Amino acid sequence: MKTYAPDYYNDFKCIADKCKNSCCIGWEIDIDDETYDKYMSLRSPIGEKLRNNITTDIPHSFKLRENEKCPFLNENGLCELILTLGEDQLCDICALHPRYRNFYNTRTEIGLGLCCEAVGDIVLNKKTPTRLIVIDDDGETDVPDEAEEEIIKLRDNILSLLSDRTCSLDERVMNLLESFALPDAVLKLSEFRLVFSSLEYMSPKSLSLFSSVTDEKTLTEIEYEQILNYFVCRYLANSIDETEIRVYLAFALLSTNFISALAKNIPKTEACRLYSSEIEYNEENVEIIIEKICELIGE
Ligand code: SF4
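Residues numbered from 1 in each chain as written. Predicted model: local features only at pLDDT ≥ 70, side-chain atom pairs only at ≥ 80, totals over all residues.

Novice: Is there a simple way to explain the site of the ligand in this structure?
Specialist: Neighbouring residues of the ligand: Cys14, Ile15, Ala16, Cys19, Ser22, Cys23, His97, Pro98, Cys116 and Ala118. Counted by class, the shell around the ligand contains eight nonpolar, two polar and no charged residues. (Near = placed C-beta within 6 Å. Nonpolar A, V, L, I, M, F, W, Y, C, P; charged D, E, K, R; others polar.)

As structure tokens, this is what we get:
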């Protein structure tokens, strides 16, 4: 089976103690059963600390300290488990984050989530058009699913249209809207103001930031292309049919526009991180936005 990833995938490296918004703070971290059993069987001081700092309820998770910090994040911003046991002993979530994976019959696609500031930096600074490339191939393959192959082909056409720099970005966006019969309204943040004001945010500061954005683009053409490419790669091939592709294309365009507008008041990398962690990584928020999109596009 082939594994595809954006061509910047291998440039990622966690910046650990230099990270201003560590993913070891503020999130519940569930531990997979296999790692849990391994941790519980460790006969060493770190094993003792693990036993005292993991919940007994299922799914097991680290008992967060004050300010929702992981108990293994040390005072230097480094992971005590990596320092003591090594990176290969992390639970699945810690080992994978900020990566995402999408599984299909004949391929796996992986990528890097924008909720990590190091990823935002890579994506925003990428100058050449981003391509999905094969980064692994175990030689095995499954029977292709015709409908799935069609959706992947359609998504790949969208990626080609998006990266065609012989046209201006505005022309490319218009082509996408026309090809999928999407109304301009999906690009207008004013249409979504009430929706964004009603969402659930981790921080009250986000609520005021997200409720006050105006339709103003601050990303350059290339930055906009790269962010839109991220959302297209991450979501569109998961669609079950053309209707869903249409909806997720609108979500990708809206999300990119929103980040572009947010970056009027905060640095661009922070706008990516904040949008991703407050919206993209909150399933309920995404559902509410998708509902509004469906209403606008008549689905
Ligand atoms: S958010 Fe990204 S850079 Fe920061 S600690 Fe997590 S993986 Fe590392």
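The structure having been displayed, the exposition proceeds.
Novice: Would you mind going over the environment of leucine 78 with me for this structure?
Specialist: Examined against the element boundaries, leucine 78 turns out to sit in the loop between helix H2 (45-52) and helix H3 (80-85). Residues leucine 78 and methionine 1, spaced 77 residues apart in sequence, show a C-alpha to C-alpha distance of 35 Å. Those residues in contact with leucine 78 that sit more than four places away from it in its chain are Ala16, Asp17 and Leu83. (Helix = DSSP H or I, 4+ residues; strand = E, 2+ residues; numbered from the N terminus. Contact = placed C-beta atoms within 7 Å.)

Novice: Teacher, can you tell me more about the nonpolar core here?
Specialist: If you look at the biggest cluster of nonpolar residues, it comprises 69 residues, and the most contacted ones within it are Ile227, Leu249, Ala250, Phe251, Ala252 and Leu262. Sorting the residues of this core by element identifies strand E1 (2-6), helix H5 (117-125), helix H6 (146-162), helix H10 (221-235), helix H11 (242-262), helix H12 (268-280) and helix H13 (283-297) as the ones contributing at least two each. Considering every element that reaches this core, the biggest residue donor is H11, with 13 residues. Among the domains, domain 1 (24-96) and domain 2 (102-297) are the pair contributing at least three residues each to this core. Once residues lying within four places of it in the same chain are set aside, the contact partners of isoleucine 227 are Val123, Leu219, Thr256, Ile259 and Cys272. (Core = buried A, V, L, I, M, F, W, Y, C linked by C-beta atoms within 7 Å. Buried ≥ 20, exposed ≤ 12 C-beta atoms within 10 Å, placed from the backbone. Domains from an automatic or database assignment.)

Novice: Help me out: how do you make sense of unusual backbone geometry in this one?
Specialist: Most peptide bonds take the trans configuration, and most residues that are not glycine carry a negative phi. Following isoleucine 58, the chain continues to proline 59 via a peptide bond in cis, the omega torsion being 0°. Among the secondary structure elements, proline 59 is positioned in the loop between H2 and H3. For the bond running from histidine 97 to proline 98, omega is 5°, close enough to zero to count as cis. Here proline 98 shows up in the loop between helix H4 (92-96) and strand E2 (99-103). Despite not being glycine, glutamate 68 has its phi angle at roughly 55°, a positive value. Among the structural elements, glutamate 68 can be located in the loop between H2 and H3. Within the chain, alanine 181 stands out as a residue other than glycine whose phi angle is a positive 50°. Summarising the element assignment, alanine 181 is placed in the loop between helix H7 (169-179) and helix H8 (193-197). According to the C-beta neighbour criterion, alanine 181 is exposed, with 9 such atoms within 10 Å.

Novice: Looking at this structure, how should I read H6?
Specialist: Its 17 residues place the ends of H6 24 Å apart at the C-alpha level, agreeing with the 24 Å of an ideal helix rising 1.5 Å per residue. At its buried positions, H6 is contacted by H7, H10 and H11. (Expected span 1.5 Å × (residues − 1).)

Don't take any of this as a statement about function, it's just geometry.
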